[in-house]
Every structure is written in structure tokens, then in C-alpha cells.
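Survey of secondary and tertiary structure
What follows is each chain in one-letter form.
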Amino acid sequence: MPPRRRLNTFDAFTKTVEDARVRTTSGGVVTIVATVVIVLLIVSEWSDYRRIVNRPELIVDKTRGERMNINLNITFPEIPCEILTLDVMDVSGEQQMEITHGIVKTRLNDDGSVISTESLALHSSSDNAHHLDENYCGPCYGAVPKEEEGNRCCNTCDDVRNAYQEVGWAFGDGHGVEQCERENYPEKIKEMAHEGCNIAGTLSVNKVVGNFHFAPGKSFSSPNMHLHDLNIYETSEVRHTFTHNIHHLSFGPHHHTVSNPLDGTIKDTDERNFNYMYFIKVVSTRFERIGESPLETNQYSVTSHERAIRGGRDNDHPNTMHARGGIPGVFFSYDISPMKVINREERSKSFGSFLIGVCAVVGGVLAVASVIDRGVWEADKALSRKKVV
């Protein structure tokens, strides 16, 4: 037997001669319907293959020693920029006092309109007393350690303020201080009394437990304590408050799927000595998108608490006794979760699965169509025999 004839014995697809085939109208209808169904199902398989799904995964965050950016935009309509300070502290011992780098302070009128994006110049070269002797050495009013007496001069109001800050003394509005009165510091403080302030920018912090806060007056640290000079804030003829509007607060780069719970938060108070606290849980998040580099960012959840510094009970919580004391301001305490969320984009199926699905669709539809066609044909023959009889 020739080799080609030997292969014929393995043919699983036996053929019929053309003369033995019968074409019917019902068969044509079934074929057209089957073809349409096959096309629709293949299109559905293709759409399913092209569909991208997000598969979240939770793992332990093993990164260490990283830094984190905090993006903020907050308006304080009832406290001027010059007496509003922003500090950052964390459990590692790092302190960033009176932050200005990466932050823009915008002075606002009492109607919310912008005055300028620069702080009021409380000391400038034009205020220097040029008539004084060039060897003039201004007094620091006792705010200099004994070992530095005679070697340190306070020639400007800022010099005196900084000296007071270093020893932890309250400074006030500069009345009675020669340098400040020469520079009209008290008058400038009064000029800005009715202003508001917008603070926007980015903070770079250690990715550990910490807090950042907005509080009045210069800040300074003493052993185991962080303090603020509240003299100007508390003695001002204008009642300053920490009413605030959080336009935006996020941790890390922006991603369109991440919502920030504090965005759009507005808090209003009539009390001067009032404290707002936000407790934030930060969760590291990585987004892996098809065809793009992974994006490392953070999501957060938040709870809040507010109370008057005087302590005691309030109308909203008659059964709760609030502690007395503290610093008026807005405090954000953040904690870092040990877990990390990975949002990975994937196709719902592989190309191989798509091909398998197409084969299953074609084979399945044709098999069902052949059964239907055979049934219709057999029924048609049976009816024809009855008519003949």
C-alpha cells in the first residue's frame, strides 16, 4: 500500500461525495443564523479579552527609611500669615520649625481676595536706622546666655525676637523694644490684624508616625515640650480664630482613583482658644497600570476631634468631659500602616484563553446547528412520507 494510502486510515473527517449531499432551505436558514451567532460570540470574546480588571493585593510593607510628601492647601480666613506657623514633628525626633521651604503663604483680605503671596515685610533694609553709629550693638534685653553677653548684638527687631525664641521667652508685639519701635513693628502687626491666610505647598517628612500643625506665634522647644508664643494671638484686639477650609490634603503623588477624605472640609468656630485634631491612618499604595511605570503613593482614612481649650462639657457632648489646656490650632497626627495595597491592572484573560474561547464558540455553535438542521430535515422527511401515504 502506498504511504499516502496508509495515512488515509487515520482520517477522522470522512467525506461524502457531492452527489450524496442534499441542500435544503432550512439548512441555509440554520447556517445563516449560526454564522451570525458565531460572529456575535467572537466579538464578545474579543471584548472580554480586551477588558482590563483591577486586582487588589494586600502585602506587608517592608520598605524602610523612606520619606513622604504631604501636599496641602488650607485657608485660615481669620488669622494673618505673620502669626501663623507650620511645624512638623515625628517619633524619630526630627523637628521642622516654622516651615517656609516648599510652602507659599498667601495673604488674604477679610473678603477672601488675595493681597499678595509674600508675607508682610516686618523688617526690611529701608527700616534700618542709618543714623546710628556703624559700630552700634543693640541690646537683646537679657535674652542672651551669660557666656555670650558682650559678644552678641540684636540690631533689628527680628534679632530680638529670635533671641527671645532661643531662650523660650514670650515676645509680644514689640512695645518697649527699641529696635521694634524703630521699625514700626507694632504698627505693622495692627495693619495685618484683619487679614486671613492661605497656606499651600508640599512638606517632605520621614515616613514614620508624626504630626504637623498650624498654631499661632513663634514656636520653640524646651525639654520634653513644644511651645508657641501666644502673646500676640491672645492679646490682639481682633478676635482671631482657627476657622479653616481644607481645600486639599494628600500624601504622595496624585492618582485619579484615589479620593482624599479631607478635601473640601470646612470647620467654623467663634472661639479664640479652640483646638482641631485630625487623626490620619496612612496606607502605602502602589498602582501598576498596563504599559506604564508603577506609581507609589498613599491613601488615608481619618477621624477628627475638636474641643475648646478651656475644657469641660459642651452642648454637643453633654456627657463628655473635655480635658483642659493645650494650644489653639489645627493638628494633623498621622500614623503609618504596616500593610501595603497593590492595585494591579491585568487583562481578564490571556490571548491563549481568547483563542480557546473562539474555538469553543465555533465548534459548539456548529455542533448545535448540525443537530438542529438534522432534526428539521428528519421532521420534514417524515411529514413528506405521511402526505404520500
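Above this text you will find the structure in question.
Presented here is a report on the structure given in the accompanying data block.

So, how was this worked out
- Every chain's residues receive numbers from 1 upward, in the order its sequence appears when written.
- The model is predicted, so local features are restricted to residues of pLDDT at least 70 and side-chain atom pairs to those at 80 or more, both for listing and for counting; the totals for chains, interfaces and linings are taken over all residues.
- Derived side-chain values reflect all non-hydrogen atoms in the structure, with water molecules and hydrogen atoms excluded from consideration.
- Where helices and strands are cited, they refer to DSSP runs of H or I of at least four residues and of E of at least two residues respectively, numbered from the N terminus.
- Only heavy atoms matter for contacts: two residues are in contact if any of them lie within 4.5 Å across the pair.
- Every accessible area reported is derived by Shrake-Rupley at a probe size of 1.4 Å, with residue values counting cover from the shown protein chains alone.
- Relative accessibility under 20% of the residue-type maximum defines a buried residue, over 50% an exposed one, and the middle range a partly exposed one, all with a 1.4 Å probe and only protein chains included.
- Each pair of strands is called paired provided DSSP finds at least two bridges between the two strands.
- For this analysis, a nonpolar core means a set of buried residues of the types Ala, Val, Leu, Ile, Met, Phe, Trp, Tyr and Cys, connected via side-chain atoms within 4.5 Å.
- Here, a salt bridge means any Lys or Arg side-chain nitrogen found within 4 Å of an Asp or Glu carboxyl oxygen.
- Here an angle of 0 to 180 degrees is reported between the N-to-C directions of two axes, which are lines fitted to C-alpha atoms, with helices fitted over the stretch in contact.
- Pairing of aromatic side chains here covers Phe, Tyr and the six-membered ring of Trp, requires ring centres within 6.5 Å, and sorts the geometry by plane angle: under 30 degrees stacked, over 60 edge-to-face, intermediate tilted.
- Distance thresholds for patches are 9 Å for like charges and 5 Å for nonpolar side chains (Val, Leu, Ile, Met, Phe, Trp, Tyr), applied to residues having over 30% relative accessible area and no salt bridge.
- Disulfides are defined in this document as cysteine sulfur pairs within 2.5 Å.
- Using a grid of 1 Å spacing that covers the protein atoms alone, one calls a set of points a cavity when a 1.4 Å probe fits there but cannot get out, and a pocket when the set is open and has protein on both sides within 12 Å along at least five of seven lines; lining residues are those with an atom within 4 Å of a point.
- Grid points are joined across faces, edges and corners, and a volume is the space filled by probe spheres set on the points.
- In this classification, the charged set is Asp, Glu, Lys and Arg, the nonpolar set is Ala, Val, Leu, Ile, Met, Phe, Trp, Tyr, Cys and Pro, and all remaining amino acids, among them Gly, are polar.

Some remarks on the overall build of the protein
Secondary structure summary: the protein contains 7 helices and 15 strands in total. The long-range share in the protein, meaning contacts at least 24 apart out of those at least 6 apart in sequence, stands at 73%. When the accessible surface of the protein is totalled, it reaches about 23200 Å², and 54% of it is carbon and sulfur.

Topic: the pairing of strand 2 (residues 67–76)
Where burial is concerned, most of strand 2 is hidden: 7 out of the 10 residues are buried. Alignment of strand 2 against strand 7 (residues 196–206), held across 10 bridges, turns out to be antiparallel. Paired with Ile-74 across the strands is Ile-199, a residue of strand 7.

Considerations on the nonpolar core
Ranked by internal contacts, the top residues of the largest apolar core, which has 51 residues, are Leu-203, Phe-212, Phe-214, Leu-249, Phe-332 and Tyr-334. Apart from residues no more than four positions distant in its own chain, Leu-249 is found in contact with Ile-70, Asn-71, Leu-72, Phe-212, Asn-260, Leu-262, Asp-263, Ile-280, Tyr-300 and Phe-332.

Describing the pattern of salt bridges
With the rule as written, the count across this model stands at 21 salt bridges. With its nearest N and O atoms 2.9 Å apart, the salt bridge here joins Lys-349 to Glu-45. A residue pair is termed long-range when its members are at least 10 positions apart, and Lys-349 in the loop between strand 15 (329–347) and helix 7 (351–388) and Glu-45 in helix 2 (residues 25–50) qualify at 304 residues. As a salt-bridge pair, Glu-288 and Arg-344 come within 2.8 Å of each other at their nearest N and O atoms.

Digging into the sheet that holds strand 5 (residues 103–108)
Taken together, 6 strands build an open sheet; the order of strands is 6-5-7-2-11-12 and the sheet is antiparallel. Since the sheet does not close on itself, it has two edges, and those belong to strand 6 (114–116) and strand 12 (265–267), each with one partner. When strand polarity is set aside, the average angle formed by the axes of neighbouring strands in this sheet is 25 degrees.

With respect to the packing of aromatic side chains
Counted according to the given criterion, the structure contains 18 aromatic pairs. Each ring, one from Phe-212 and one from Tyr-334, has its centre 6.4 Å from the other, and the planes form 40 degrees; the classification is tilted. On the criterion of sequence distance, the pair formed by Phe-212 in strand 8 (residues 210–216) and Tyr-334 in strand 15 is long-range, its members being 122 residues apart. Of the two residues, Phe-212 and Tyr-334, both sit in the buried class. With a centroid separation of 6.3 Å and 80 degrees between ring planes, the pair formed by Phe-214 and Phe-332 is classed as edge-to-face.

Digging into a nonpolar patch on the surface
Together, Val-29, Val-33, Val-37 and Leu-41 line one region of the surface with nonpolar side chains, adding up to about 300 Å² of accessible area. Note that Val-33 resides in helix 2. Given a relative accessible area of 48%, Val-33 falls into the partly exposed group.

Details of the environment of Ser-259
Following the sequence through the fold, Ser-259 ends up in the loop between strand 11 (244–251) and strand 12. Put simply, Ser-259 and Tyr-300 are 41 residues apart on the chain and 8.8 Å apart in space, counted from C-alpha to C-alpha.

What about the state of the cysteines?
Under the criterion given, the structure shown has 4 disulfides. At a sulfur-sulfur separation of 1.8 Å, the disulfide partner of Cys-137 is Cys-153. Looking down the S-S bond of the Cys-137 and Cys-153 bridge, the torsion is -105 degrees, so its handedness is left-handed. Separated by 16 residues along the polypeptide, Cys-137 in the loop between strand 6 and helix 3 (157–167) and Cys-153 in the loop between strand 6 and helix 3 bring together distant segments of the chain.

Details of the environment of Tyr-164
Structurally, the position occupied by Tyr-164 is in helix 3. With 24 residues separating them in the primary sequence, Tyr-164 and Cys-140 have C-alpha atoms 8.2 Å apart. For Tyr-164, the residues in contact, after removing those within four places along its chain, are Cys-140, Tyr-141, Ala-143, Trp-169, Ala-170 and Phe-171.

Structural notes on the pairing of strand 7
Counting buried residues along strand 7, 8 of its 11 residues qualify, which places the element largely inside the surrounding structure. Bridge count between strand 5 and strand 7: 6 bridges; the pairing is antiparallel. Pairing of Leu-108 across the sheet is with Gly-196, part of strand 7.

What about empty space enclosed by the protein?
Under the defined criterion, the tally for this structure stands at 1 cavity of 30 Å³ or more. Estimated volume of the largest cavity: approximately 60 Å³. In this structure, the largest cavity is lined by Ser-250, Phe-251, Gly-252, Pro-253, His-254, His-255, Val-258, Asn-260, Thr-297 and Asn-298. Counting residues per element, the ones that place at least two in the lining of the largest cavity are strand 11 and strand 14 (295–308). Here the residues of the lining of the largest cavity sort into 3 nonpolar, 7 polar and no charged.

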